[in-house]
Amino acid sequence: MKSGPVAPDEVYPPRRATIREVADAAGVSRSTASRALTGRGYVAPAVRDRVREVARGLGYVADATARHLRQQASQSIGVLVSDLNNPFYAGLAAGISQQARKRQYTMMLADDGGSPEVEAEAAEAFVALRVAGVIVTPVSAEISTYLARQRIPVVEVDRQFAAGACDAVVVDNESAARRVTTQLLELGHRRIALVIDEMHWTTGRDRLAGYRAAFTTAGVPFDDSLVVTAGWDVEAARIEAHKLLSRSEPPTAVFAANNVLAEAVWRASAELSLSIPGQLSLVSFDDVSWMSLVRPGVTAVAQDPVALGEAAISQLFERIQAPLAPVRTVLLSARVASRGSTAPPPAG
């Protein structure tokens, strides 16, 4: 058994290799080694392969912090979404991440939980980390204004607070909401409730506008009492949906403005033993996996969150390359996935 003092190398791993050591071992200059490892600038293929092989052998990892200080920006982007528990935002982040990797960027992901205070903290962290740009599902106008002052490109996605001031990628919420509401009216429904989380962001405001427009176009009177604000989580929304469906004159159809609210209405209808679609028709804005697994399946406006994320990061990279180009808003369409959750209203 070995006795006596333990050498430092037996307790701690060796220090990290430096770019100079990689260059010396490969027999090239430091600048050539840097070009070979970063892929920026020309290096003969044989030399590049030799440098990279040496770097792997030495366990070399680039010092990103030093590079960011020289370049004033990192090879990373900040992504801030509202709720990673929601499959929509998870899919959005996945679409951004996939495209970021293809461009050799790292994604720094944060979740603000719908809080303007947390949103502001995340924005400050992104600035401190010198991200090259930020994609955000904003909950206030302040974040885009703050990042613009810091000269960091920003793209608002899913909803828009700084229209005309920064780039955005959004879905045509009004058109899609009008389409599904019109379908319910054409089935003969007149008491169609809208269960919604908020009406101040562009998502909620535009979905409400589309819902109202369908009634106007059809010449059907609009009942404000059937627009119900139901909170942000399934349990709170379930309570409000239960109250709505228990009214003396309940709706014969419900348009849930997002997938969380649709789940809440589904649960409330089950508690009240209301059959779908026999006694209650249900449509949702947002199509998530459970809607095609239940019976009947839920008719839904199918946004593609991955495609939305891909479009957002494409717009961000365009802005990074051309910072003075005109501000652009990209409007994506959404399809309706028709399933078995709608039918004519029950007789009487």
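Computed from a predicted structure; not experimentally measured.

What counts as what
- Residues numbered from 1 in each chain as written.
- Predicted model: local features only at pLDDT ≥ 70, side-chain atom pairs only at ≥ 80, totals over all residues.
- Heavy atoms only, no water.
- Helix = DSSP H or I, 4+ residues; strand = E, 2+ residues; numbered from the N terminus.
- Rg over C-alpha atoms; globule rule 2.2 N^0.38 Å.
- Buried < 20%, exposed > 50% of the residue type's maximum accessible area, 1.4 Å probe, protein only.
- Contact = heavy atoms within 4.5 Å.
- Expected span 1.5 Å × (residues − 1).
- Axes fitted to C-alpha atoms, helices over the stretch in contact; angles between N-to-C directions.
- Parallel < 35°, antiparallel > 145°, perpendicular 65-115°, else oblique.
- Left-handed = near helix turned anticlockwise from the far one by under 90°.
- Nonpolar A, V, L, I, M, F, W, Y, C, P; charged D, E, K, R; others polar.
- Pairing = 2+ DSSP bridges.
- Right-handed = clockwise from strand over helix to strand, strands pointing away.

For the rest of this paragraph, the subject is the overall build of the protein. A tally of helices and strands in the protein yields 14 helices and 12 strands. Taking 20 Å as the expected radius of gyration for a compact globule of 348 residues, we find that the protein reaches 27 Å, considerably beyond that expectation. Judged by the C-alpha coordinates and their principal axes, the protein covers about 90 × 60 × 40 Å. Evaluated residue by residue, the protein yields a buried proportion of 46% over its 348 residues. Taking all contacts inside the protein whose residues are at least 6 apart in sequence as the whole, residues at least 24 apart take part in 67%.

Our next topic: the environment of Q183. Counting through the fold element by element, Q183 comes out in helix 9 (residues 173-186). In this structure Q183 comes out as partly exposed when scored by relative accessible area, which is 30%. Placed 164 residues apart in sequence, Q183 and I19 show a C-alpha to C-alpha distance of 64 Å.

In this section: unusual backbone geometry. Leaving glycine aside, a negative phi is the common case for residues, and trans is the common case for peptide bonds. Here the amide bond leading from I276 into P277 is cis, since omega sits at 5 degrees, within 30 degrees of zero. Here P277 shows up in the loop between helix 12 (259-271) and strand 9 (281-285). Of note, the amide linkage connecting R295 to P296 takes the cis form, showing an omega dihedral of 0 degrees. By the secondary structure assignment, P296 is in the loop between helix 13 (290-293) and strand 10 (299-302). Residue R130 is not a glycine yet carries a positive backbone phi of 60 degrees.

Below, the discussion takes up helix 10 (residues 202-218). Here helix 10 contains 17 residues, and its C-alpha end-to-end distance of 24 Å stays within 8% of the 24 Å for a straight helix at 1.5 Å per residue. Along helix 10, the residues that are buried comprise T202, T203, G204, R207, L208, G210, Y211, A213, A214 and F215. Buried-residue contacts for helix 10 involve helix 9, strand 6 (192-196), strand 7 (227-229), strand 8 (253-256) and strand 9. G219 sits one or two positions beyond helix 10 and adopts a positive phi of about 70 degrees.

On to the packing of helix 7 (residues 116-128) against helix 8 (residues 142-149). Look at helix 7 against helix 8: their axes get within 10 Å of each other, and the N-to-C directions meet at 20 degrees. Between helix 7 and helix 8, the angle falls in the class roughly parallel. For the pair helix 7 and helix 8, the crossing hand works out as right-handed. Contacts from E119, A123, E124 and V127 in helix 7 reach I143, Y146 and L147 in helix 8. Here the residues of the contact of helix 7 with helix 8 are counted per class, giving five nonpolar, no polar and two charged.

All right, on to the sheet that holds strand 3 (residues 133-136) then. Taken together, six strands build an open sheet; the order of strands is 2-1-3-4-5-11 and the sheet is parallel. The open sheet has two free edges, formed respectively by strand 2 (106-111) and strand 11 (329-332), since each of these has just one partner strand. Across the sheet, the axes of successive neighbouring strands diverge by a mean angle of 15 degrees, strand direction being ignored. Direction of pairing for strand 4 (residues 154-157) relative to strand 5 (residues 167-171): parallel, over a ladder of three bridges. Paired with E156 across the bridge in strand 5 is A168. Helix 7 rests against strand 1 (76-81), strand 2 and strand 3 of the sheet, and its axis sits at about 180 degrees to strand 1.

Turning to the side chain of N86, a few remarks are in order. Locating N86 in the fold gives a position in the loop between strand 1 and helix 6 (87-102). Looking at N86, the relative accessible area reads 8%, which means it is buried. Excluding its chain neighbours within four sequence positions, the residues that come into contact with N86 are N259 and V260.

We now examine the pairing of strand 4. Here strand 4 shows a buried face lined by V154 and E156 and a second buried face lined by V155 and V157. In the sheet, strand 3 pairs with strand 4 via three bridges, with the strands oriented parallel. Note that in strand 4 the partner of I135 across the bridge is V155.

Next up on the list: the sheet that holds strand 8. Taken in spatial order, the six strands line up as 7-6-8-9-10-12 in an open sheet, and their pairing is mixed. At either end of the open sheet lies a strand with only one pairing partner, and these are strand 7 and strand 12 (335-337). Strand-to-strand twist across the sheet, computed as the mean angle between neighbouring axes with direction ignored, equals 20 degrees. Pairing analysis gives three bridges linking strand 9 to strand 10, with the strands arranged parallel. Bridge assignment links S284 to a residue of strand 10, and that residue is A300.

Every second residue of strand 8 is oriented toward a common face, with A253 and F255 on one face and V254 and A256 on the other, all of them buried. Pairing between strand 6 and strand 8: four bridges, direction parallel. Directly across from I192, in strand 8, lies its bridge partner A253. For strand 8 and strand 9, the ladder comprises four bridges, and the chain directions are parallel. Bridging from a neighbouring strand, F255 pairs with V283 of strand 9. With helix 12 bridging strand 8 and its parallel neighbour strand 9, the resulting β-α-β unit is right-handed.

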